[in-house]
Amino acid sequence: MIIIKTRKEISEKIIQLKKEGKTIGFVPTMGALHQGHLSLIEIAQKHTDVSVVSLFVNPTQFNNSKDLEKYPRTIETDIDKLQSVCTDILFLPNADEMYPEEDTRVFDFGKLDKVMEGKYRSGHFNGVAQIVSKLFESVLPDKAFFGLKDFQQYVIIKELVKKFMPDTDIEIVGCPIIREKGGLAMSSRNELLGAVERENANIISKVLEKSKEIVNEKSVEEIKKYVVAEINSNSFLKVEYFEIVDDVKLENIKNWSENNKKVGCVAVFCGEVRLIDNVYYN
Ligand code: AMP
């Protein structure tokens, strides 16, 4: 695995690889890697010739400085994990490299970044768009791989490329959620949970799965109430939101008969740790 720390060097390397006819698969991450991240790399390797992973804890997407401070950083073990899955290139820039000056760009995603995560984490998706657009410009990937665990982010990144990077031809590939044995969606933030919290956090995915089983018996509103009440009935958990939206415009579903894919998205506090998960209803 080659480790590259500057934008200039990674661009030069990628241009050389492209001249050799290689296709580039890109997986952006913030580190504290787990099997969810590694699964994206494995998918990238199936679709493209060269796998590039970036590791950068992006300050502009944290709306809460405490959250940024306590975000887990495990660089040495991350490098070992990346090597174990035969990653070709690790792009490991520092903050000065990515933000030599303040990034004041404002991205207009219409309603997409106003709902769900956007509603509760003001400025989060603008920060995501700032860093991902810069990373895309440096890495110049043919395909970029994103986890459907961050479903709203996946939808917004597709819009970012379509609306703000029309000269590029980057294909955004959504990849399945990888879960712990008990069902909890893997997340770097799970490291911050105590053992008992972690056990109780498994309830989140269990309730989402159960809601899928009873979807034919209940209205959209009833399913929403069911999910919120079931998760909140566990004393370790507190739902911030649960919305059922379509998978393109992220508009609220009113009726199961609507003709689009429906995704139930939840954010839950387990103690101080904020967890997200989702389920496709069709
Ligand atoms: P992060 O390091 O949390 O910014 O995540 C980097 C990428 O890994 C994003 O595309 C996430 O959606 C994806 N990812 C995180 N957790 C999982 C998971 N449990 N399953 C699949 N992909 C994931």
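Rules used in this analysis
- Residues numbered from 1 in each chain as written.
- Predicted model: local features only at pLDDT ≥ 70, side-chain atom pairs only at ≥ 80, totals over all residues.
- Heavy atoms only, no water.
- Helix = DSSP H or I, 4+ residues; strand = E, 2+ residues; numbered from the N terminus.
- Rg over C-alpha atoms; globule rule 2.2 N^0.38 Å.
- Buried < 20%, exposed > 50% of the residue type's maximum accessible area, 1.4 Å probe, protein only.
- Phe/Tyr/Trp six-rings, centres within 6.5 Å; stacked < 30°, edge-to-face > 60°.
- Domains from an automatic or database assignment.
- Contact = heavy atoms within 4.5 Å.
- Buried area = accessible area lost by both parts, 1.4 Å probe.
- Salt bridge = Lys/Arg side-chain N within 4 Å of Asp/Glu carboxyl O.
- Polar contact = N/O pair within 3.5 Å; in protein donor to acceptor, adjacent residues only side chain to side chain.
- Nonpolar A, V, L, I, M, F, W, Y, C, P; charged D, E, K, R; others polar.

Draft legend 1. Summary view of the overall build of the chain. A count of helical and extended segments in the chain gives ten helices and nine strands. For the chain, whose C-alpha radius of gyration is 19 Å, the value lies close to the compact-globule estimate of 19 Å for 282 residues. Across its three principal axes, the chain shows a C-alpha extent of roughly 55 × 40 × 35 Å. Evaluated residue by residue, the chain yields a buried proportion of 53% over its 282 residues.

Draft legend 2. Geometry of the packing of aromatic side chains. For the coordinates displayed, the defined rule picks out ten aromatic pairs. Aromatic pair F26 and F136: ring centres 6.2 Å apart, planes at 70°, arrangement edge-to-face. Residue F26 is located in strand 2 (residues 24-29), and its partner F136 is located in helix 7 (residues 124-139); the two are separated by 110 residues in the primary sequence. Each member of the pair, F26 as well as F136, carries the same accessibility label: buried. Here the aromatic rings of Y120 and Y241 are separated by 5.6 Å at their centres, their planes lie at 15°, and the arrangement is stacked. With a gap of 121 residues between them, Y120 in helix 6 (residues 117-120) and Y241 in strand 7 (residues 237-246) connect regions that are remote in the sequence. Relative accessible area serves as the criterion here: at 6%, Y241 is assigned to the buried category. Ring-pair connections join several aromatic residues into one group, and the members of that group are F26, F136 and F146.

Draft legend 3. Local environment of the domain arrangement of the chain. Assigned domains of the chain: these are domain 1 (2-175) and domain 2 (188-277). Domain 1 and domain 2 are separated by 26 Å when their C-alpha centres are compared. Between domain 1 and domain 2, the residue contacts involve 22 residues of the former and 19 residues of the latter. Together domain 1 and domain 2 conceal approximately 1800 Å² of surface at their shared face, both sides included; 61% is due to carbon and sulfur atoms. For the domain 1 face of the interface with domain 2, the top three residues by lost area are M116, Y120 and F151, together amounting to 31%. Applying the counting criterion to the domain 1 and domain 2 interface returns four salt bridges. With a closest N to O distance of 3.9 Å, E272 and K70 form a salt bridge. Applying the counting criterion to the domain 1 and domain 2 interface returns five residue pairs in polar contact (both at pLDDT 80 or more). If you list the elements that add at least two residues to the side of domain 1 that touches domain 2, you get helix 3 (65-70), helix 6 and helix 8 (151-164). Taken together, the residues that form the side of domain 1 that touches domain 2 break down as ten nonpolar, four polar and eight charged.

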